[in-house]
Amino acid sequence: MRLIFLGPPGAGKGTQAKLLTERYAIPQLSTGDMLRSAVAQGSEVGKRAKAVMDAGQLVSDEIVNEIVSDRIDAPDCAKGFILDGYPRTVPQAIALDRMLDQKGMRLDAVIELKVDEGALVRRMENRVAETVAAGGNVRSDDNPEAFRRRLEEYRAKTAPLSAHYAGTGRLKTVDGMADVETVSAEIEKILA
Ligand code: AMP
């Protein structure tokens, strides 16, 4: 099972991807998580990505394409994977198509979570409050200013991906405003 989740920041892609990893025993590949781990390790990629991420802007296609290409070659991806937060630009989607083709793989579905943008800021604020209450570390890009920038980046660069995938008949849209269980059940229906 090879899946892509699309949707703005805070739409619930990560939450739904996590639920599917348990059900299908395949990994969730979040480019955001991979980049944050590169930043934490202080690697070359991490150093290049940190300031861009903190400003809520997108890291270069070249960097993320390479990270994903290497990651999907790992043995735990043999049965499939769920891409969360990648591709995020049309050139990334084209690079992914080419990459999968070269590896003899194909996508099973592209699932888009549709949400009301007004609710997203509240979701981000709740996520921060829950993380703080649980004693966790708040993401350095989870603040209103960087979040607004991430939404702008989404509208300008990522939203056009829906048309890219709709054109190939692979796009499935789910109402991401419903509660987690309902969204998950809708996704199950699509994958069944
Ligand atoms: P996320 O955890 O998906 O919200 O990603 C956090 C940040 O990592 C984004 O705001 C970007 O700066 C960077 N990032 C994650 N995935 C990508 C991607 N596919 N392309 C470019 N930048 C990305």
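What counts and what doesn't
- Residues numbered from 1 in each chain as written.
- Predicted model: local features only at pLDDT ≥ 70, side-chain atom pairs only at ≥ 80, totals over all residues.
- Heavy atoms only, no water.
- Helix = DSSP H or I, 4+ residues; strand = E, 2+ residues; numbered from the N terminus.
- Rg over C-alpha atoms; globule rule 2.2 N^0.38 Å.
- Contact = heavy atoms within 4.5 Å.
- Areas by Shrake-Rupley, 256 points an atom, 1.4 Å probe, with all protein chains shown as cover.
- Pairing = 2+ DSSP bridges.
- Axes fitted to C-alpha atoms, helices over the stretch in contact; angles between N-to-C directions.
- Near = heavy atom within 4 Å.
- Polar contact = N/O pair within 3.5 Å; in protein donor to acceptor, adjacent residues only side chain to side chain.
- Expected span 1.5 Å × (residues − 1).
- Buried < 20%, exposed > 50% of the residue type's maximum accessible area, 1.4 Å probe, protein only.
- Arc of directions from axis to C-beta.

> Is there a simple way to think about the overall build of the protein chain in this case?
Looking only at helices and strands, the protein chain has 9 helices and 5 strands in total. Counting from the amino terminus, the protein chain carries its helices and strands in the arrangement β-α-β-α-α-α-β-α-β-α-α-α-β-α. Its C-alpha atoms give the protein chain a radius of gyration of 16 Å, near enough to 16 Å, the size a compact globule of 192 residues would have. With the C-alpha coordinates aligned to their principal axes, the bounding extent of the protein chain is approximately 40 × 40 × 30 Å. Sequence separation of at least 24 residues holds for 75% of the intrachain contacts in the protein chain that already meet a minimum separation of 6. About 9,700 Å² of surface is accessible on the protein chain, with carbon and sulfur atoms providing 52% of the total.

> Sorry if this is basic, but what is going on with the sheet that holds strand E5 (residues 171–175) here?
The strands making up a sheet associate through hydrogen bonds between their backbones, and the pairing can be parallel or antiparallel. With parallel pairing, 5 strands are arranged side by side in an open sheet as E2-E3-E1-E4-E5. Every other strand in the sheet has two partners, leaving strand E2 (28–30) and E5 as the edge strands with one partner each. The sheet shows a mean angle of 25° between the axes of neighbouring strands, direction not considered. Here strand E1 (residues 2–6) runs beside strand E3 (residues 81–84); their pairing, made up of 4 bridges, is parallel. The partner of Leu3 across the bridge, within E3, is Ile82. Packing against the sheet, helix H9 (residues 180–191) makes contact with E1, strand E4 (109–114) and E5, and its axis sits at approximately 155° to E5.

> Sorry if this is basic, but what is going on with the site of the ligand here?
Around the ligand, the structure places 16 residues, and the nearest of them are Thr31, Arg36, Gln57, Gly85 and Gln92. Here a nitrogen atom of the ligand sits 2.7 Å away from a polar atom, N or O, in the side chain of Thr31. Within the backbone of Val59, one N or O atom sits 3.1 Å away from a nitrogen atom of the ligand. Summarising the interface, the protein chains cover 96% of the accessible area of the ligand, which totals 480 Å² for the free molecule. Among the elements that take part in the shell around the ligand, helix H2 (residues 31–41) stands out by supplying 4 residues, more than any other.

> Even after reading the chapter, I still don't get helix H7 (residues 144–158), so can you show me in this structure?
Given 3.6 residues per turn, any residue in an α-helix points the same way as the ones three and four places further on. Look at H7: 20 Å from first C-alpha to last across 15 residues, which is about the 21 Å you get at 1.5 Å a residue. Taken together, the buried positions of H7 are Ala146, Phe147, Arg150, Leu151, Glu153, Tyr154 and Thr158. Projected onto a plane normal to the axis of H7, the buried residues spread over an arc of 160° and lie on a single side. Residues of H7 that are exposed and point more than 90 degrees away from the buried face comprise Pro144 and Ala156. In this structure, the buried residues of H7 make contact with helix H3 (44–54), E4, helix H6 (117–133) and helix H8 (160–166).

> Could you clarify how one ought to interpret unusual backbone geometry in this entry?
Glycine aside, residues mostly have negative phi angles, and peptide bonds mostly take the trans form. Residues Tyr86 and Pro87 are joined by a peptide bond in cis, for which omega reads -5°. Secondary-structure assignment places Pro87 in the loop between E3 and helix H5 (90–102).

> I'm lost on H2 in this one. Help?
Along H2, the residues that are buried comprise Thr31, Gly32, Met34, Leu35 and Ala38. Here the buried residues of H2 occupy an arc of 165° about the axis, which is enough to place them on one side. Pointing more than 90 degrees away from the buried face of H2 are the exposed residues Ala40 and Gln41. Residues of H2 that are buried make contact with E2, H3, helix H4 (61–71) and E3.

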